[in-house]
Amino acid sequence: MRVRFWGTRGSIATPGPDTNHFGGNTSCVELTTAGGDLLVFDCGTGAHRLAAALMAQGKKAIHTNILLGHTHWDHIQGFPFFGPAFVKGNSAAIYGPEGSRGSLHDVLAGQMEFTYFPIELNQLPATITYHDLTEGIRIIGGARVATQFLNHPAMTVGYRVEADGVAMVYLVDHEPFSDVLWRAGAEPGRVESILHDGDRRHARFMADADFVVHDAQYTPEEYASKKTWGHSTYDYVVQMAAAAGVRQLALTHHDPGHDDHFIADIERKARALALELGTGLDVFCAYEGCELFLEPRSSLKPFVSAAPFQASVAQRRFHILVVDDQPDMLTLIARALEEDQYQVRKAASGAEALRMIDEYLPDLVVLDYRMAGMDGLAVTKTLRARPETRSLPVLMLTAMTDEPSTRAGFDAGVSDYVTKPFSIPQLTARVRACLARTQMP
Ligand SMILES: [Zn+2]
Ligand SMILES: [Zn+2]
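What you see is a predicted model; the values in this text were computed from it and never measured. (Residues numbered from 1 in each chain as written. Chains lettered and ligands numbered in written order. Predicted model: local features only at pLDDT ≥ 70, side-chain atom pairs only at ≥ 80, totals over all residues. Heavy atoms only, no water.)

Student: What's the story with the overall build of the protein chain in this structure? I'm lost.
Tutor: Along the backbone of the protein chain there are 12 helices and 19 strands. A globule of 441 residues ought to have a C-alpha radius of gyration of about 22 Å, and the protein chain, at 22 Å, matches this closely. Overall, the protein chain is about 70 × 50 × 40 Å in size when its C-alpha atoms are taken along their principal axes. Burial status across the protein chain gives 56% buried among its 441 residues. Taking the contacts inside the protein chain whose residues are at least 6 apart along the sequence as the reference set, 69% of them involve residues at least 24 apart. (Helix = DSSP H or I, 4+ residues; strand = E, 2+ residues; numbered from the N terminus. Rg over C-alpha atoms; globule rule 2.2 N^0.38 Å. Buried < 20%, exposed > 50% of the residue type's maximum accessible area, 1.4 Å probe, protein only. Contact = heavy atoms within 4.5 Å.)

As structure tokens, this is what we get:
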């Protein structure tokens, strides 16, 4: 398997003398299997030069699989300049997360509307197919590809590709689920010791991988003021990858404000941390033009998903109960979910919520932790004790980010634990991830 970086920058392209080494183009990574399958992760501005390289090979027909983590600009802006799409006889299969505001096709067509671009998406001569994804496992060419949701203020998936006896994982645009990584009293550095279910699931997704490409836009110092923006720090990523037994790690989605010196410094610190952790993890900061050959290994264990199904959220109608004793917050959340086309009901206390659930079982409960009277924890425990609501998904909202509160939430049986202050796009993405994981009735 061959991997090549064409774009390593996050958010916005930053060409110039200060970014010459690590590169100024936004996210784009090429993967070619031994069997000749071409998988392209993200289509940021780096895709333009990849396209030129593909065209220069002079092949009769180019078939590309484009795997979009999400559809923020820095991940799709190169697509209108992806040369192979302009040639009849070529084909492209585009994969990406099912969005809450329209299909993958509609979102990509949006950036090519006449106002923004002279050629519309449907006028491209190549044969293009669109594949809206949730979580699951599928076969693309000769590769087995698993998807899992990331934590970002938009529906975003990570990809795990297993082919040629190698596992390569692409996790770009993701931030930690919790401020605290390890459960108190548990041995740090082990996947089982991770506090938040979301982070543990994230570590399992990259377990035993030969190569992981991960967002590491910020330093720990910068992250303090950039929470909910959807990006990671190098120390979180290195600790996670080391715990997961990853062999090689590329940090990417470099901040547009970081010049080559700054990124080289991040690389030094990340390496020192990896060395200290002592798992043999090899870490570097991805740079444009960086090319790797991953050798097959007989011990590769295929990733097993907890629920290997692909259930569309868009094609189902969901009922959500929002429970909060603060009227402003209740209205804000309910309105945001209604905009995402859910049927929303509201309860102003824990007792009212339980009454309403008795009357009418929702698909998901969005529940505030701290409420006067019966708090969110007590509501969750009551739900878990009843057979009919034992597996009802509960998304807990809380200002309490400390270890004991987070642990108490998961011990009580919450499905997800979202800490305040959260952004509405982040919350709606987490709601959607919860719903995508609910079984079809
Ligand atoms: Zn991005
Ligand atoms: Zn993004």
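So, next bit.
Student: Can you walk me through the layout of surface pockets in this structure?
Tutor: Take a probe with the size of a water molecule and roll it over the atoms, and the empty space left behind shows itself. Approximately 600 Å³ is the volume attributed to the largest pocket. Taken together, 23 residues line the largest pocket, and the ones lying closest to its centre are Ser 391, Leu 392, Pro 393, Arg 437 and Thr 438. The residue makeup of the lining of the largest pocket, split by class, is nine nonpolar, five polar and nine charged. Taken as a whole, the second largest pocket spans an internal volume of roughly 430 Å³. The wall of the second largest pocket is formed by 23 residues, among which Ser 100, Arg 101, Pro 153, Ala 154 and Met 155 lie closest to the centre. Of all the secondary structure elements, the ones that give two or more residues to the lining of the second largest pocket are α3 (104–110), α8 (327–339) and α12 (424–436). Tallying contributions element by element places α12 first for the lining of the second largest pocket, with five residues. Of the residues contributing to the lining of the second largest pocket, the split by class is 10 nonpolar, eight polar and five charged. Of the residues that make up the lining of the second largest pocket, three or more belong to each of domain 1 (2–293) and domain 2 (319–436). (1 Å grid on protein atoms, 1.4 Å probe; cavity = no way out; pocket = protein on both sides within 12 Å on 5 of 7 lines; lining within 4 Å. Points joined across faces, edges and corners; volume = space filled by probe spheres on them. Nonpolar A, V, L, I, M, F, W, Y, C, P; charged D, E, K, R; others polar. Domains from an automatic or database assignment.)

Student: I would appreciate a short explanation of the coordination of the zinc ion (ligand 2) in the present structure.
Tutor: Geometry reference: four tetrahedral donors at a metal, ideal angle 109.5 degrees. Six octahedral donors, ideal angles 90 or 180 degrees. Around the zinc ion (ligand 2), the protein contributes the donor atoms His 70 (NE2), His 72 (ND1), His 152 (NE2) and Asp 173 (OD), which lie 2.1 to 2.4 Å from the metal centre. Taken together, the four donor atoms surrounding the zinc ion (ligand 2) define angles of 84 to 169° at the centre, an arrangement classified as irregular. Here the zinc ion (ligand 2) and the zinc ion (ligand 1) are spaced 3.5 Å apart, and both take Asp 173 as a donor. Placement of the pair is His 70 in the loop between β4 (63–67) and α2 (73–76) and Asp 173 in the loop between β10 (166–171) and α4 (197–205), with a sequence separation of 103 residues. A single burial state applies to His 70 and to Asp 173, both of which are buried. (Donors = N, O, S within 2.8 Å, 3.2 Å for Na, K, Ca; no water. Tetrahedral: all angles 85-135°; square planar, octahedral: opposite > 155°, others 65-115°.)

Student: Looking at this structure, how should I read empty space enclosed by the protein?
Tutor: One pass over the full model with this rule turns up three cavities of 30 Å³ or more. The computed volume of the largest cavity comes to approximately 150 Å³. Around the largest cavity, the lining is made up of 15 residues, and of these Phe 149, Phe 177, Gly 198, Arg 201 and Arg 437 lie nearest the centre. Class assignment of the residues belonging to the lining of the largest cavity gives a composition of six nonpolar, four polar and five charged.

Student: Whenever I open this one, the packing of α8 against α12 confuses me. Can you help?
Tutor: When two helices pack together, their arrangement is given by the angle between their axes and by how far apart the axes lie. Remark: α8 packs on α12, axes separated minimally by 10 Å, with the N-to-C direction vectors making an angle of 60°. Taken together, the axis directions place α8 and α12 in an arrangement best described as oblique. The way α8 lies across α12 gives a crossing that is right-handed. The residues of α12 that touch α8, namely those facing Leu 332, Ile 333, Ala 336 and Leu 337, are Ile 424, Leu 427, Thr 428 and Val 431. (Axes fitted to C-alpha atoms, helices over the stretch in contact; angles between N-to-C directions. Parallel < 35°, antiparallel > 145°, perpendicular 65-115°, else oblique. Left-handed = near helix turned anticlockwise from the far one by under 90°.)

Student: Could you clarify how one ought to interpret the coordination of the zinc ion (ligand 1) in this entry?
Tutor: In this structure, Asp 74 (OD), His 75 (NE2), Asp 173 (OD) and His 253 (NE2) serve as the protein donors to the zinc ion (ligand 1), at separations of 2.1 to 2.2 Å. Classification of the site at the zinc ion (ligand 1) rests on its four donor atoms, whose angles at the metal span 88 to 167°, yielding the label irregular. As a motif over one chain, the donors of the zinc ion (ligand 1) read D-H-x97-D-x79-H. Here His 253 falls in the buried class, since its relative accessible area comes to 0%.

Student: Would you mind showing me how to read α12 here?
Tutor: One turn of the α-helix equals 3.6 residues, which is why residues spaced by three or four share an orientation. With 13 residues, α12 should reach 18 Å at 1.5 Å per residue; the first-to-last C-alpha distance of 18 Å fits that figure. Taken across its 13 residues, α12 has 11 buried, putting it largely inside the fold. Of the positions making up α12, those classed as buried are Gln 426, Leu 427, Thr 428, Ala 429, Arg 430, Val 431, Arg 432, Ala 433, Cys 434, Leu 435 and Ala 436. Where α12 is buried, its residues contact β8 (143–149), β15 (319–323), α8, β17 (364–368), β18 (394–398) and β19 (416–419). (Expected span 1.5 Å × (residues − 1).)

Student: Looking at this model, I keep getting lost on the sheet that holds strand β13 (residues 282–285). Mind explaining?
Tutor: Note on sheets: strands pair through backbone hydrogen bonds, and any given pair is parallel or antiparallel. Across the sheet, seven strands lie side by side as β7-β8-β9-β10-β11-β12-β13; this open sheet has mixed pairing. This sheet does not close on itself; its edge strands, each paired only once, are β7 (136–140) and β13. Strand-to-strand twist of the sheet, defined as the mean angle between neighbouring strand axes without regard to direction, takes the value 20°. Both β7 and β8 contribute to a ladder of five bridges, which runs antiparallel. Its bridge partner lying in β8, Arg 138 is registered against Val 145. (Pairing = 2+ DSSP bridges.)

Student: I tried to follow the nonpolar core on my own but got confused; where do I start?
Tutor: Generally speaking, nonpolar side chains in soluble globular proteins are found buried as a group. One finds Phe 5, Met 168, Phe 211, Val 366 and Val 431 to be the most contacted residues of the largest nonpolar core, which totals 56 residues. Top element by residues in this core is α12. It accounts for seven residues. When sequence neighbours within four positions are dropped, the list of residues in contact with Val 366 reads Ile 320, Leu 321, Val 322, Val 323, Ile 333, Leu 337, Leu 395, Leu 397 and Val 431. Counting residues in each nonpolar core, the second largest holds 37 residues, with Ile 194, Ala 242, Leu 249 and Leu 273 among its members. (Core = buried A, V, L, I, M, F, W, Y, C linked by side-chain atoms within 4.5 Å.)

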